[in-house]
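Chain by chain, the residues:
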Amino acid sequence: MDSFPGDRPGNRGGVAGEKQIQNGIQEAKQLRCYSRRRKIADLNNGSESVLNGNSTIKKKKPIDQENEGDYGKKLIDVYKVNKPINGVKDKDTKQRGLSTKTKEGGSLMCHQCQRNDKTGVVFCSTCNRKRYCFECIKNWYPGKTHEEFENACPFCWGNCNCKACLREFPAQMDRKVDASVKLQRLLYLLSKALPVLRHVHKEQSLELETETKIRGKQLQEIDITRSKLSESERLYCDNCSTSIHGFYRSCPNTSCSYDLCLMCCQELREGNQPGGMEAGTSHENFEKTFNNHGSTKNQSKTHRRRYDWESELAPTRLPSQSDMLSPFPEWKANSDGNIPCPPKQRGGCSSALLELRRIYKANWVAKLLNNAEDLTRNYAPLDVDITEKCSLCQLNLLEGKINPEVRRAAFRDDNKDNFLYSPNALDISDDEIEHFQRHWMRGEPVVVRNVLAKTSGLSWEPMVMWRALRETGSKVKFKEETQSVKAVDCLDWCGVEINIHQFFQGYLKGRMHKNKWPEMLKLKDWPSSTSFEERLPRHGAEFLAALPYMEYTDPKSGLLNFASKLPDGSLKPDLGPKTYIAYGFSEELGRGDSVTKLHCDVSDAVNVLTHTNKVNIEDWQRESINKLKKTYDKEDSLELYHEAEAGNPKIESKQGNGRDSLDIDSETETVLGGAVWDIFRREDVPKLIEYVKKHEKEFRHINNELVDSVIHPIHDQTIFLNARHKKQLKKEFNVEPWTFEQHLGEAVFIPAGCPHQVRNRQSCMKVALDFVSPENVEECLRLTEEFRLLPKYHRAKEDKLEVKKMSLYAVSNAVRQVKELMVANK
């Protein structure tokens, strides 16, 4: 097996010899090679991995056996050690007297590596306790000088990245909010939540009326049997997979207990297929799947090709051949409104009528609605005309100066929203949210600059994070995550298992396929988001400290974040933080680009670019890339666009600094951002869907093959619109996204319901967090019901957000706090 430069067993217990280091430096300059990687046959189903047939295997020392002082050199770079020459200390060392162990009788032990045999250390003059050796300064704090460490060490600054400090849980800081400001924001939340609250109340009231007619007597909510669920229990509709809240119907048969949501009940009474016409519960959809993929003998192979683990179409279960051949019975509601338990082929028992049940206390929703309406009766929210340009941005522009707080991102004819609000984080006060709200309620993205400047400066170097996670021993809980990871190869969208050391070497140095084509790997959600704050507590705290508009983004105490209102102990949705680490390439390759494909999140999100790395491409490799690109362009012209001659036209870009698909020379790469974003307006979604359906055969996905079917053009997450498609979209439908570059330290706020895609120009590490804002809670509800209509085995179908439940608890929390504040003000 070929390996990366520097991926050799390290010398334990000491510093490598001068000759070995020089050899390492020479090796680091050589051709970047391929590492051992295993293709995953089916990551979803846990199938066995197989070795790449073209690989050869060499014995390699496990990473977790390497010495702490050695692996730093190999993971970041091969450095020359500052040893005394002929026993004489260097001039800088003698001036400060830093490398003599006899200085004031003190120890020379380095706080970073906990070793005292290094050639020189820097003493911190601020704390007079901590010391850092020259080697650790160079390896783990690149760009920092000895003088900076002497003035104040990383420990004093709160950004020490030694293993012990990285694993400390920082103290939680309570944010103080003025009582009058808090009251206004809670009233704002209630006013925005009212439409969702009324929707839930109406839905339950109609079902109670139906039950009254069925039983022939007037009923109250107290008359409905209550199901008591544990705090960690979540109830889903067995037909459409939507989360159940409040009222629902359930089979009284204890061996069945089939549960049905109120939306499916209503559809059955209307004579429709429950779950919508597009839901995958009908036999017709099963037949279509079966016929398209032949017999069950080769079904698993075909399914892997279409539904790899990165795809949002990965199924939880495939229909068996016996399911396909069995008769599919009808399921109808009775004329009196009663609904029988569905037949066995639909998952029920068909032996009983579904009974109405409730989860919450009687009349809880009605009381919440009455309280919210009463409290907001005299409340006047911010009045913004969303059809006009932002007045605050316009005032700045009228002064005749370039406004740094806006960024051109589109060239639409209407010209009302071609600029995005882009404030500097250093200029935003903790309670300044009005300008943000003016753009957010319009459904516009917001790009906040310099968010990392507000933090302690903790390193986001990939290997520093890996160092924080790296654990040894037989009882380590997450040991597998510190040795190998499951990444995605953007060329064929198949999973690969790769040694994490090698993955990050590729992040820093680059990787290539055997034909010299750049290899673009993506590592999604590492470490797993459910353990991010547990595994990386300092980085988790640093990320949250960087976020502006904490009233929206604070996952625990954000006043305007619905997701923060769920009670302690309840089962909560996984909203992050989540880490996305991927390679990148300056120009659009056209095949194998490092991209996040077109998709739409059910909640709001904020995405921070915490680290970038520019990979230098040698001239000989760039020449090979250009030759291959011409070959691939010809293939695409014939296979995708059915053109006789392959053209490679220069796409005229009007994106300002965000140039699309132009050849970028090595000298101009340094001015580029880390990632290019395309975010579409909500009102353009119907046209965008129409365009993708029209051109669906012009895209590639799994195994780099043509997309053979599209269930939902956006939610499938199988489409990426390259420069050609974006130009064609503008020409055919006059639809243009906001296109802009995200630079290091910038936070991108993406409103729920805005389809978006991303392409990396450099190696990038992004950290993202989901939240639910008052302005977009209705959109979250709409998307939940849209996801409900997806086929039953569509992976994006499951309602993980539970926006109705979240809204009820947010209103309950706000009502309680508003009443307390009003009493306190009397």
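About the thresholds
- Residues numbered from 1 in each chain as written.
- Predicted model: local features only at pLDDT ≥ 70, side-chain atom pairs only at ≥ 80, totals over all residues.
- Heavy atoms only, no water.
- Helix = DSSP H or I, 4+ residues; strand = E, 2+ residues; numbered from the N terminus.
- Buried < 20%, exposed > 50% of the residue type's maximum accessible area, 1.4 Å probe, protein only.
- Areas by Shrake-Rupley, 256 points an atom, 1.4 Å probe, with all protein chains shown as cover.
- Pairing = 2+ DSSP bridges.
- Contact = heavy atoms within 4.5 Å.
- Axes fitted to C-alpha atoms, helices over the stretch in contact; angles between N-to-C directions.
- Patch = residues over 30% accessible without salt bridge, like charges linked within 9 Å, V, L, I, M, F, W, Y side chains within 5 Å.
- Salt bridge = Lys/Arg side-chain N within 4 Å of Asp/Glu carboxyl O.
- Lys, Arg positive; Asp, Glu negative; His and termini not counted.
- Charge placed at Lys NZ, Arg CZ, Asp CG, Glu CD.
- Core = buried A, V, L, I, M, F, W, Y, C linked by side-chain atoms within 4.5 Å.
- Disulfide = S-S within 2.5 Å.
- Left-handed = near helix turned anticlockwise from the far one by under 90°.
- Nonpolar A, V, L, I, M, F, W, Y, C, P; charged D, E, K, R; others polar.
- pLDDT = per-residue confidence, 0-100.
- Parallel < 35°, antiparallel > 145°, perpendicular 65-115°, else oblique.
- Expected span 1.5 Å × (residues − 1).
- Bend = angle between axes of the 7 residues up to and from the residue.

**Some details on the overall build of the chain**
Alright, step 1. Helix and strand counts for the chain stand at 25 helices and 22 strands.
Alright, step 2. Per-residue burial over the chain gives 55% buried out of 826 residues.
Alright, step 3. Only carbon and sulfur atoms are counted for the fraction: they give 48% of the accessible area of the chain, which is about 37,400 Å².

**Brief notes about the pairing of strand β6 (residues 247–250)**
Alright, step 1. Burial of the side chains of β6 extends over both faces: Phe247 and Arg249 are buried on one face and Tyr248 and Ser250 on the other.
Alright, step 2. Looking at chain direction, β6 and strand β7 (residues 259–260) are connected through two bridges and run antiparallel. If you follow Arg249 over to β7, its bridge partner there is Leu260.

**As for the sheet that holds strand β8 (residues 355–358)**
Alright, step 1. Reading across from one edge, β5-β8-β6-β7 is the order of the four strands in this open sheet, with mixed pairing throughout. Whereas interior strands pair on both sides, the edge strands pair on one side only; in this sheet they are β5 (225–226) and β7.
Alright, step 2. Sheet analysis places β5 next to β8, joined by two bridges and oriented parallel. The residue bridging Arg226 from the neighbouring strand is Arg358, located in β8.
Alright, step 3. Of the strands in this sheet, β6 and β8 touch helix α8 (residues 179–215), which is tilted by about 45 degrees from β6.

**Notes on unusual backbone geometry**
Alright, step 1. In this model, Gly576 is joined to Pro577 through a cis peptide bond whose omega is 5 degrees.
Alright, step 2. Of note, Asn704 is a non-glycine position whose phi angle comes to about 60 degrees, a positive value.
Alright, step 3. Tracing the backbone shows Asn704 in the loop between α22 (685–694) and α23 (723–733).
Alright, step 4. In the Ramachandran plot, Gln717 falls in the positive-phi region, its phi being about 55 degrees despite a non-glycine side chain.
Alright, step 5. Tracing the backbone through its elements, the reader meets Gln717 in the loop between α22 and α23.

**Section: a positive patch on the surface**
Alright, step 1. A cluster of basic side chains, namely Arg226, Lys228, Lys361 and Lys367, defines a positive patch on the protein surface.
Alright, step 2. Position of Arg226 among the secondary structure elements: in strand β5.
Alright, step 3. Classification of Arg226 by relative accessible area gives partly exposed; the value is 37%.

**Here's the deal with helix α16 (residues 462–469)**
Alright, step 1. α16 sits mainly inside the fold: eight of its eight residues count as buried.
Alright, step 2. Listed in full, the buried residues belonging to α16 are Pro462, Met463, Val464, Met465, Trp466, Arg467, Ala468 and Leu469.

**With respect to the nonpolar core**
Alright, step 1. With 171 residues, the main nonpolar core has Leu260 and Phe749 as its most contacted residues.
Alright, step 2. Broken down by element, this core gets its largest block of residues, eleven residues, from α8.
Alright, step 3. Sequence-distant contacts of Leu260, defined by excluding residues within four places in its chain, comprise Cys237, Asn239, Ile244, Tyr248, Arg249, Cys265, Leu268, Trp331, Ile339 and Leu354.
Alright, step 4. Formed by 14 residues, the second largest nonpolar core is a distinct cluster that contains Ala409, Ala410, Val447 and Ile750.

**Some details on the state of the cysteines**
Alright, step 1. Per the stated rule, a full pass over the model turns up zero disulfides.
Alright, step 2. Unpaired in terms of disulfides, Cys127 finds its nearest cysteine sulfur in Cys124, a separation of 3.6 Å.

**Some points on the sheet that holds strand β21 (residues 756–760)**
Alright, step 1. Reading across the sheet, the four strands line up as β16-β21-β18-β19 and stay open at both edges, with antiparallel pairing between neighbours. Edge strands, defined here as strands with exactly one partner in the open sheet, are β16 (595–599) and β19 (738–742). Taken over all neighbouring pairs, the strand axes of this sheet differ in orientation by 15 degrees on average, direction set aside.
Alright, step 2. Note that strand β18 (residues 675–679) and β19 share five bridges and pair antiparallel. Residue pairing for β19: Asp678 is matched across the bridge by Thr739.

**A closer look at the pattern of salt bridges**
Alright, step 1. With the rule as written, the count across this model stands at 38 salt bridges.
Alright, step 2. Salt-bridge contacts for Glu635 lead to Arg591; the nearest nitrogen and oxygen are separated by 3.1 Å. Residue Glu635 is located in helix α21 (residues 619–639), and its partner Arg591 is located in the loop between β15 (578–582) and β16; the two are separated by 44 residues in the primary sequence.
Alright, step 3. Its salt-bridge partner being Arg681, residue Glu683 comes within 3.7 Å of it at the nearest N-O pair.
Alright, step 4. Ionic contacts of the salt-bridge type, sharing partners, join the residues Arg412, Asp414, Lys416, Asp417, Arg681, Glu683 and Asp684 into one network.

**Concerning the packing of α8 against helix α13 (residues 364–375)**
Alright, step 1. Following both chains from N to C, one finds α8 and α13 inclined at 145 degrees, their axes separated by 9 Å at the closest point. Along this stretch, α8 crosses α13, giving a crossing that reads as left-handed. Of the residues in α13, those touching α8 at Leu187, Leu190, Leu194, Leu197, Arg198, Val200, His201 and Gln204 are Val365, Ala366, Leu368, Leu369, Ala372, Glu373 and Leu375.
Alright, step 2. Considering only residue class, the contact of α8 with α13 consists of eleven nonpolar, two polar and two charged.

**Points about the pairing of β15**
Alright, step 1. Among the five residues in β15, four count as buried, and that is most of the element.
Alright, step 2. Both strand β14 (residues 521–524) and β15 contribute to a ladder of three bridges, which runs antiparallel. Bridge pairing links Lys522 to Ala582 in β15.
Alright, step 3. As defined by bridge partners, β15 adjoins strand β22 (residues 763–771) across five bridges and the pair is classed as antiparallel. Bridge assignment links Ile581 to a residue of β22, and that residue is Met765.

**Observations concerning the confidence of the model for the chain**
Segments scoring low in pLDDT should not have their predicted coordinates read at a detailed level.
Alright, step 1. Across the chain, the average pLDDT comes to 77, with 74% of residues at 70 or higher.
Alright, step 2. Confidence drops under pLDDT 50 across residues 277–325; counting only partners more than four residues distant or on other chains, this segment forms 107 contacts.

**Structural notes on the packing of α8 against helix α9 (residues 262–269)**
Alright, step 1. Look at α8 against α9: their axes get within 11 Å of each other, and the N-to-C directions meet at 55 degrees. Judged by the inter-axis angle, α8 sits oblique to α9. When the axes of α8 and α9 are compared, the crossing they make is left-handed. Contact residues: Glu203, Gln204, Glu207 and Thr210 in α8; Leu262, Met263, Cys265 and Arg269 in α9.
Alright, step 2. Taken together, the residues of the contact of α8 with α9 break down into three nonpolar, two polar and three charged.

**Concerning α8**
Since the α-helix turns once every 3.6 residues, residues separated by three or four places project in the same direction.
Alright, step 1. Between its first and last C-alpha, α8 extends 50 Å over 37 residues, near the 54 Å set by a 1.5 Å rise per residue.
Alright, step 2. Along α8, the sharpest kink reaches roughly 45 degrees, centred on Ala193 and followed within four residues by the proline Pro195.
Alright, step 3. Residue Gly216 follows α8 closely and has a positive phi angle near 75 degrees.

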